[in-house]
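# Residue-level structure breakdown
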Amino acid sequence: MNHLARLQQSQRAKLLNRFQPGRKVKKLDEAGVRDAVSRSLLPIALLDDCRQYEQRDLTGDFIKLRESFTRLCDGSADDDNHRQLYIAIQLAALRAEQIDAELAAQFAPALSALSRCKERRKSTSKYGFDGLGMQSVSWAIDAHEEILRHSTPKQMDNCLKEIVKAIDAKTEFGQQVASDIQ
């Protein structure tokens, strides 16, 4: 059970225990208690949205991305490796757009390289990068790691929701992402 769920359960118990048997009190229903607990925990939830990632939360993901990149470079990658790396860089590009437009523009060569990598797979049955693509994707992975270290999980979740929303709405951006991850 996560920290927020334990707090909600604790707050709920406190609310229910305030009312002693025999006292005349307004009858509480489950929805009323749930609403009161949600309102009382709102500041905690907002603080939780502001916390940054801890290094131990990120290390495993960083290793997996580096491994996917290595496999894409040597031709032993599968579709999941490409998809994982593409989504990570796309998320970082969207988050970079919220920070600075010039920073976001620097992700374009890496996303283009990943698209070329996907096209190479269609024609040769193996993933692979050209030299420029390898350099730009390597830079984008480093930038992704740095952006994640300085972002909150809520900010990154919002970026992911933006991608999903674009795919569902079939916008030009959404269609591009959908074709690159399929």
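Computed from a predicted structure; not experimentally measured. (Residues numbered from 1 in each chain as written. Predicted model: local features only at pLDDT ≥ 70, side-chain atom pairs only at ≥ 80, totals over all residues. Heavy atoms only, no water.)

## Overview of the overall build of the protein
In terms of regular secondary structure, the protein is built from nine helices and zero strands. Listing the helices and strands of the protein from first to last along the sequence gives α-α-α-α-α-α-α-α-α. Classification of the 182 residues of the protein by burial places 32% in the buried group. For the protein, the share of sequence-separated contacts (at least 6 apart) that also reach a separation of at least 24 residues comes to 65%. With an accessible surface of roughly 11500 Å², the protein has 53% of that area assigned to carbon and sulfur atoms. (Helix = DSSP H or I, 4+ residues; strand = E, 2+ residues; numbered from the N terminus. Buried < 20%, exposed > 50% of the residue type's maximum accessible area, 1.4 Å probe, protein only. Contact = heavy atoms within 4.5 Å. Areas by Shrake-Rupley, 256 points an atom, 1.4 Å probe, with all protein chains shown as cover.)

## With respect to unusual backbone geometry
Even without being glycine, Ser125 reaches a positive phi, approximately 70°. The topology assignment puts Ser125 in the loop between helix 6 (108–124) and helix 7 (131–149). Of note in the backbone geometry, Lys170 takes a positive phi value of approximately 55° without being a glycine. Within the element layout of this structure, Lys170 appears in the loop between helix 8 (153–169) and helix 9 (172–181). Judged by relative accessible area, Lys170 falls into the exposed class, the value being 58%.

## Thoughts on the layout of surface pockets
Taken as a whole, the largest pocket holds about 280 Å³ of empty space. Contributing elements (two or more residues each) for the lining of the largest pocket: helix 3 (55–74), helix 4 (79–99), helix 7 and helix 8. Residue composition of the lining of the largest pocket, grouped by class: nine nonpolar, two polar and three charged. (1 Å grid on protein atoms, 1.4 Å probe; cavity = no way out; pocket = protein on both sides within 12 Å on 5 of 7 lines; lining within 4 Å. Points joined across faces, edges and corners; volume = space filled by probe spheres on them. Nonpolar A, V, L, I, M, F, W, Y, C, P; charged D, E, K, R; others polar.)

## A closer look at the packing of aromatic side chains
Under the definition given, this model contains two aromatic pairs. Where Phe69 meets Phe129, the ring centres are 5.8 Å apart and the plane angle is 40°; that geometry is what we call tilted. In this pair, Phe69 sits in helix 3 while Phe129 sits in the loop between helix 6 and helix 7, placing the two residues 60 residues apart along the sequence. Judged by its relative accessible area of 11%, Phe129 falls in the buried class. (Phe/Tyr/Trp six-rings, centres within 6.5 Å; stacked < 30°, edge-to-face > 60°.)

## Some points on the pattern of salt bridges
Close approach of charged atoms lets side chains of opposite charge pair. This structure, assessed with the given rule, holds eight salt bridges. Taking the shortest distance from any N to any O, the salt bridge between Arg83 and Asp80 comes out at 2.6 Å. Of this pair, Arg83 and Asp80 both sit in helix 4, separated by three residues, roughly a single helical turn. With relative accessibility at 49%, the residue Asp80 sits in the partly exposed group. The closest approach of N and O atoms between Arg149 and Glu146, which form a salt bridge, is 3.5 Å. Of this pair, Arg149 and Glu146 both sit in helix 7, three residues apart, which is roughly one turn of the helix. Given the relative accessible area of 40%, Glu146 is considered partly exposed. A single network of salt bridges, built from pairs that share partners, joins Arg66, Asp142 and Glu145. (Salt bridge = Lys/Arg side-chain N within 4 Å of Asp/Glu carboxyl O.)

## Describing the environment of Thr152
Mapping Thr152 onto the fold places it in the loop between helix 7 and helix 8. When its relative accessible area of 10% is taken as the criterion, Thr152 is described as buried. Taking the C-alpha atoms as reference points, Thr152 and Glu54, 98 residues apart in sequence, are found 9.7 Å from one another.

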